[in-house]
Structures are given as C-alpha cells and as structure tokens.
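Each chain, written out:
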Amino acid sequence: MPAKTSRFLYRSSVPPLDPQETESIRIYWRGGPVFFAAVMAMRQTLKAVLIDLSGTLHIEDTVVPGAQEALSRLRQAPVAVKFVTNTTKECKRTLLERLHRLDFSIQEKEIFTSLTAARGLVEQRNMRPLLLLEDSALEDFAGIATSDPNAVVVGLAPDHFNYQMLNKAFRLMLDGAPLIAVHKARYYKRKDGLALGPGPFVTGLEYATDTQATVVGKPEKTFFLEALRDLNCKPEEAIMIGDDVRDDVGGAQNTGLRGILVKTGKYRAGDEDKISPHRM
Amino acid sequence: MAEKDWKDCVKNLKGVVLDMCGVLYDSGEGGGIPIPGSVEAVKRIKASDLQLRFCTNETQATREKFVAKLQRMGFDISVSEVFSPAPAAMAILKERNLRPHLLVHDDVLPEFNNIKKTNPNCVVIGDAADKFSYQNMNDAFRVLIELEKPVLFSLGRGRYYKETDGLKLDVGVFMKALEYACDIEAEVVGKPAPMFFQSALTDMGIQPEQALMIGDDLVNDVGGAQNCGMKALQVRTGKYRPSDETHPTVTADGYVNDLAEAVDLILKHRSQ
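Residues numbered from 1 in each chain as written. Chains lettered and ligands numbered in written order. Predicted model: local features only at pLDDT ≥ 70, side-chain atom pairs only at ≥ 80, totals over all residues. Heavy atoms only, no water.

Per an unreviewed UniProt entry, chain B goes by Phospholysine phosphohistidine inorganic pyrophosphate phosphatase and derives from Albula goreensis. Regarding chain B, the UniProt comment filed under Cofactor (unreviewed entry) reads as follows: "Mg(2+)". Regarding chain B, the UniProt comment filed under Function (unreviewed entry) reads as follows: "Phosphatase that hydrolyzes imidodiphosphate, 3-phosphohistidine and 6-phospholysine. Has broad substrate specificity and can also hydrolyze inorganic diphosphate, but with lower efficiency." (UniProt positions renumbered as here; feature names shortened; annotations may be inferred.)

Chain A is annotated in an unreviewed UniProt entry as Haloacid dehalogenase-like hydrolase domain-containing protein 2 of Albula goreensis. Listed under Sequence similarities (unreviewed entry) in UniProt, the entry text for chain A is "Belongs to the HAD-like hydrolase superfamily."

Participant: I keep staring at the interface of chain B and chain A and nothing clicks. Help me out?
Facilitator: Interface size is commonly expressed as the accessible area that is lost once the parts come together. Residue-level contacts link 30 residues of chain B with 28 residues of chain A. Together chain B and chain A conceal approximately 2,700 Å² of surface at their shared face, both sides included; 61% is due to carbon and sulfur atoms. Its largest share of buried area at the contact with chain A, chain B owes to Tyr134(B), Leu169(B) and Tyr180(B), together 31% of the area lost on that side. Linking chain B to chain A there are 2 salt bridges. Here Arg186(A) ties to Asp183(B) by a salt bridge, and the two come within 4.0 Å at their closest N and O atoms. Scanning the region where chain B abuts chain A turns up 14 residue pairs in polar contact (both at pLDDT 80 or more). Those elements that provide at least two residues to the side of chain B that touches chain A are helix H5 (134-146), strand S9 (160-163), strand S10 (166-169) and helix H6 (171-182) of chain B. Classifying every residue of the side of chain B that touches chain A by side-chain character gives 15 nonpolar, 5 polar and 10 charged. (Contact = heavy atoms within 4.5 Å. Buried area = accessible area lost by both parts, 1.4 Å probe. Salt bridge = Lys/Arg side-chain N within 4 Å of Asp/Glu carboxyl O. Polar contact = N/O pair within 3.5 Å; in protein donor to acceptor, adjacent residues only side chain to side chain. Helix = DSSP H or I, 4+ residues; strand = E, 2+ residues; numbered from the N terminus. Nonpolar A, V, L, I, M, F, W, Y, C, P; charged D, E, K, R; others polar.)

Participant: Sorry if this is basic, but what is going on with the packing of helix H6 (residues 163-174) of chain A against helix H7 (residues 198-209) of chain A here?
Facilitator: Each pair of packed helices can be summarised by the angle the axes make with each other and by the distance between the axes. Residue and element names in this part refer to chain A. Where H6 meets H7, the axes come as close as 10 Å, and the angle between the chain directions of the two elements is 45°. When the axes of H6 and H7 are compared, the pair comes out oblique. Here the hand of the crossing between H6 and H7 comes out right-handed. The segment H6 lies against H7, with Leu166, Ala169, Phe170, Met173 and Leu174 engaging Phe201, Leu205, Ala208 and Thr209. For the contact of H6 with H7, the residue count by class is 8 nonpolar, 1 polar and no charged. (Axes fitted to C-alpha atoms, helices over the stretch in contact; angles between N-to-C directions. Parallel < 35°, antiparallel > 145°, perpendicular 65-115°, else oblique. Left-handed = near helix turned anticlockwise from the far one by under 90°.)

Participant: I would appreciate a short explanation of the packing of aromatic side chains in the present structure.
Facilitator: Pairs of aromatic rings are described using the distance from one ring centre to the other and the angle between the two planes. By the definition in use, this model includes 11 aromatic pairs over all chains. Taken together, a centroid distance of 5.1 Å and an interplanar angle of 55° make the contact between Phe112(A) and Phe223(A) tilted. Highlighted residues: Phe112(A) in strand S6 (residues 111-113) and Phe223(A) in helix H8 (residues 221-229), separated in sequence by 111 residues. No difference in accessibility class separates Phe112(A) from Phe223(A), as the two residues are buried. Look at Tyr163(A) and Phe174(B): their rings are 6.2 Å apart centre to centre, the planes differ by 45°, and that puts the pair in the tilted class. Of this pair, Tyr163(A) sits in helix H6 while Phe174(B) is found in helix H6, placing the two residues in two different chains. Under the relative-accessibility criterion, Tyr163(A) is labelled buried at 4%. An aromatic cluster of at least three residues, connected via ring pairs, comprises Phe112(A), Phe223(A) and Phe224(A). Sitting above the plane of the Tyr180(B) ring, Arg186(A) keeps its charged end 4.3 Å from the centroid. (Phe/Tyr/Trp six-rings, centres within 6.5 Å; stacked < 30°, edge-to-face > 60°. Buried < 20%, exposed > 50% of the residue type's maximum accessible area, 1.4 Å probe, protein only. Lys NZ or Arg CZ within 6 Å of the ring centre and 35° of its normal.)

See the structure below:
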C-alpha cells in the first residue's frame, strides 16, 4: 500500500490524523481520489466507509474520473463499504444496473437508500402503508402488505400528488396513520425546469394534521445509524463521503461520523463554508 | 368560567358575525344541505335588534352564486351582508398594482375578471379543490421562484373542511406547500386575518367588544375573531372535532351544539 501513495494527488498536503480526533474532516481536492489517502491514514480507527452515489461515483451515466480505481483500492483495506443515497424514484435494482454498466464492482446488499430505510421502518413497526411513490420505486416495497393502510409513505410521486390522493392520505393520518417521508427536498431540476419535490407536499400534510413526518433519508441521524447497523460499527468509526454538504457531510457529522466533501457532482464553490468542521 | 363570560357580554351585544360552511350548512355534492335549525336561527337573529353579517373563506364560487345557493336552501341572506376573501384580494391587488397568476376554483374566476393577468408578478391561491394537481401547483411554484421577491396571497389558511362525503384539504395546506418550496411566507386574505373581521365590524359600525363570532373552525373563526377583540363561540357542527375543546392555544368563549342552540341562548340572555 504505502508504495502506491504517490498516485494520490496532494498526498503531501494531507497531514497525519490525530487518533483522538473525533471531529469531522473535509478535504479540498480537484478531481483526484485524494480522500482515499485520508481513509488510509485513518484506518487504525476506521471500520466503515459510506459513499454517496450520484455526484461522487458517477454523474448520470458518466463515471467520476478515478472513482473505479479508488474504489478497488479501498476494497483492499480492512474496512466495510456501503453505498448510501437519497432516492425516491429508483429502486435498488435500477441503481445497481447503472453501477454495473459503469463497471463498478458493487453488490446489491451494499446499497442502502432512503427507500430501503423507509421499508425498514415500515417492517419494524409492522405498518401497512399507503405508498405515494412512482411505479419505478415500488419494487423496493415488494411483499409489504398495503391493503387497509395504517401509514402513509411519501416519496417523489408527481402522478400521485393530486387532490384526491392527498385527501386519502390526509384522512388516514387523521385516523392516526403516521407520515413517513422518504426525504423532504423542496424541488429538483428536470429537463424542462425546476419541479416541486416531495417536501412541499409532506409539509402540507403535516400542517393539515398538525403532526410531524418521520423523515428517513439523509441527512437524518436514523439514516446513517441504520446504514451502519449490520456493520457492527459505531458512528465515530465510520466516514461518509459525498458531494452534498448538508445531506452527506452535515448529516454524517451530526450523527458522529466524519464527513468528507468531494468537489464533484453538485459541489459549488463555497459549500465548505456552510458547515464548520475541523479543517484537514 | 368562559361560558359565564360570554353570556354576560350578550346584554351589550350589537352585532353577530356568522361563519357559513359548517355553521349554516354542510357542503358537498349538489351544493350541500342546511344544518337543522340554522335557517330558523338566522331568521330569529334578523327579527331581533342585533345586526348580522357573514364572514366566509368560501372561494369556490363568486359571492353572487354562493348567496343564491344559500337562498335556495331557504336562508334569508343578501350579497351585501357577506364578506369573502376574493373581493378583498382584488382590492389589494389593484391597490398594489399586481398582476396575479391564479390558482383558484373555476367558479370564483369571475371575481378576478377586471384585472390584468399577463406576465404575472404574484400568485393568488384559493380553495381550488380538484384543480390542486401537481401540474397546477408546479406552475404556481415556477411563477414564484422566478420572481425576485415572490409574493403569495392565500385566500384563507384553513387546514380542512367538511363535505357531506368527508373531510377535505383546504387552501392552507397548499399555501404551506408553496411557502416551504420557495422559503417564503404567504399573505393571508380572509379569516383569520384581523383586517377581514374588522371590515365586517366597520360595515356594522360597531366595536369588536360589541360583536360575537360564531364558527366551526376553532383557529380561523374563533381564534381570528378573538385576536380582533371579539368574543367567539364554537359550534359542534361542521369540521368541529372533540379535541378542539382541549386545544393548546385557542379556547372558545363558549361551546354550543349548533347555531340554533347559540341563538336560543343569546336571545334568552338578552331578554333576562
């Protein structure tokens, strides 16, 4: 391993990590997989690495340069790796198919999404949800009983965000059904412009019933804890790597993980000033 | 305690303000049905020395059509006695020289006939019911997010109302959705805005403490009127839910089973 460190960009600018260091870190990098240098430096205390997908490993159908090799190298280290993402429209199979097309060596069980988290919660509490989800996401809920619903799960579902369906959800909630939000994004970018995300509709239903939704995706603590659960790993023994300063880095830090911001994907200059981690 | 308070003030009462949907009638397919005893109760107030006005957040029809519907149900009511948000919003739009993008019920559109709507610089939402589709919400959102300083007017901010086939989401829910999406705060026209109650009081030429509000919506009718300095009763009809009587922030000055009982009690205490 040490023989190969010369391949890492800016290796010399990454100082050794204080083993007592529990604050999160961020790294400035420009396109190179320098974060794995940091990962290596921390490995005495490190048990798991969580990696965001879109914007970190790939952007749509293009690989972030160096990401495949970086991942192969990480696989040789004695750490568990999981891929975590806020998705509301794509089921795990669709995500996996894309990653395989892009030559990433990843198994389905290594992927943890906000839909997985929602399903986990539904199963754990034995709920029968009304699913406001696009058809493409329903696969992740296969086998879950949905008749006579006693819970409401809201993802990004333009086809379902109509008056009739929202009324149905509202009436269930008045009868005590909990509201589970896959995430609460305000809007997202479509080819034809900006479009409303699930957040506004979740907020509306919260207001109608004077209740709070349980949000299951990033940046919620429960999301990161759930992703780490089967890895037998405490938050301070894990690192999160992603391109979203709030959802990836901020969320991980609030949970006790270290967070690393990559300057790819949705990263915009100045993002690192939106949080205040220890600078590395 | 509260019971006694409101009955004490009845003797000095000069005017009554009534909410309409859920107090006079329950809405639903075919226009809705009168709540038993309410037609007679309105007649009894009108026959007394009390003035009467109606304050509604109804935005599914023009005032003319709405009043005509109530007249067909048997109510003694005229357009000039009814205060509704659409005409109030029109006054504000004209005063501030605004061009609205409208997300309102088709039947209330005529209220906005005499204003320019091209190249909109604000959004007005009312209870659009089935028109609250993703597409229409998105259109309103895009108008707002494009504006340098987004201006959103909401005709009321109710959470839900009752129709004969069950409870339905009201405009406030969609107002909250757009507020969250654009990180803004809407300007509410209609109940519970104090200005709205005040316009009815001004029309009667009386002070808030000389007026009593009767409504089924604890927050918008009762809370709104109380904020304006009026006393207010909640009826146990319409959207009333038993949990309203233990609400953390709003307590009515009295609770009555329905409008008929309220009018019985008011007239009885005034004659004593």
